[in-house]
Each structure stands twice: as structure tokens, then as C-alpha cells.
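# Architecture and fold: a report
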Amino acid sequence: MGKTYERIDGRLRTFIEAQPLFFTATAPLSGDGTVNLSPKGLRGSFVILDELTLAYLDFAGSNAETIAHLRENGRITLMWCAFQGPPNIVRVHGRGEPVFRDDPRFPDLLSHFPDIDPTQHGLRAIVVVTADVVRDSCGYAVPYMSYDGDRELHAKRFAREDDDSLSAYFAKKDHIATSLDGLPGLPLPLPPSAV
């Protein structure tokens, strides 16, 4: 059934990179805090940087729970499911960090995402995850589902925003600068991009 891996390579890497959808899970340290689980998509917005390091683009949305939890404690789990082909589930448990747009590392990290135009999606940060535990499991109960393509709605909504209007949009939302549990979220106004 399940197996633990020392690194993300070979068949495991091929499986992860082929999935059009993955999930992130984070939580605050507080026992009564809100656990967050988010789906992530858009082809080209996720990369494996090396055998233990992964990254994804964090785009505009209606909250910033993942960023808030990572700023507080760094714990994150990423999960991929096989909705086509042989059944499989892969989880990467690790430590994550949001790298914001004014961070000197930002331009180099962004260069790893050549297949997506981040200006179309209100790029807020790049989340970098260092794997502590990599495991797979059977996925026998995961249903077959087909991938028909990325939705165009996100790009249509956020492509018209510049830094100022995007910051204004975020400032109107209740849970961007501060999480549901009152933790610091996305720094506002958005820092200028280092690119």
C-alpha cells in the first residue's frame, strides 16, 4: 500500500508534474484555529525545484489563509490524486514559506515558471515548500474524472488589475491582510515586484 520516499524523483516526480490539480492544507498553532484546505490549478503554476523543494504561484483570491498559517508556523501538506490512470495519492508534508514580490529571491524563483503569465492572475507571492516526508497511498476510492482544461475566469478577472487596484481590491476583503483567526496574512499594500 503506502510507501515513504526519501526524495521526489523518477516515477513520483513524473506523476506529480502530470497532475492538473493539487491541494494545500495548513493550520494555525491554536487548537481551535481554522484548518485551511485549498485546491490549486492552472497549468504552469507549480514546479519541482529539486528533489526536496517545490514551489507554486500564489494568485489573487478572496482570502490568504495559507500565507497566514505559513507566516505563523510554516507547516503545510500538498496532495495530488490520480483522477485518471492507475490509482495513486501522493502527499508531501513539509515546511513552507511565502516569498513576497519584494524579496530578492523572487525574480529567480519566478524564472522557474516560464509557461504562465503571472500578470494575468494577480500574483501575490511564490510559496516554496521543503519536503520533510513524502508518501503515497493507494487511491483506490478516488473517482475517475476528466481534465477538460483550465478555467479562463481567473485571468479574465485579474488581468485588468495593476498593483494599485489589486491592493485596493485586497484591502476591501476581510481575510487578506488578516486571517480568519486574526493572524497576519498578506502584507498590504502589495509590495512592488522585484521583477
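Source: prediction; values computed, not measured. Here, residues in each chain are numbered from 1, in the same order as that chain's written sequence. Under the rules for a predicted model, residues below a pLDDT of 70 receive no local features and side-chain atom pairs below 80 are neither given nor counted, while totals for whole chains, interfaces and linings still include all residues. Calculated side-chain values reflect all of the structure's heavy atoms, with hydrogen atoms and water omitted.

### Points about the packing of aromatic side chains
- By convention, a stacked pair of Phe, Tyr or Trp rings (six-membered ring in the case of Trp) has centres within 6.5 Å and planes under 30 degrees apart, an edge-to-face pair has planes over 60 apart, and any other such pair is tilted. What the rule picks out here adds up to six aromatic pairs.
- Members of the aromatic cluster, joined through ring pairs, are Phe22, Phe46, Tyr56 and Trp80.
- Lysine and arginine charges are scored as sitting over a ring when NZ or CZ, respectively, is within 6 Å of the ring centre and within 35 degrees of the ring normal. Above the ring of Phe158, the side-chain terminus of Arg157 is found at 4.7 Å from the ring centroid.
- Sitting over the ring of Tyr169, Arg157 keeps its end group 4.7 Å from the ring centre.

### Focus on the pattern of salt bridges
- Salt bridge criterion: a side-chain nitrogen from Lys or Arg within 4 Å of a carboxyl oxygen from Asp or Glu. Applying the stated rule across the entire model yields 10 salt bridges.
- Two residues, Arg101 and Asp163, come together in a salt bridge whose shortest N-O distance is 2.9 Å. Placement of Arg101 in the loop between strand 7 (89-100) and helix 3 (106-110) and of Asp163 in helix 5 (residues 163-172) is noted, with a sequence separation of 62 residues between them.
- Only protein chains enter the accessibility calculation, which uses a 1.4 Å probe; a residue is then buried when its area is under 20% of its type maximum, exposed when over 50%, and partly exposed in between. For Arg101, a relative accessible area of 6% translates into the label buried.
- Overlapping salt bridges, with partners in common, bring together Glu6, Arg7 and Glu51 in one network. A run of DSSP states H or I qualifies as a helix once it reaches four residues; a run of E qualifies as a strand once it reaches two. Both are numbered from the N-terminal end.

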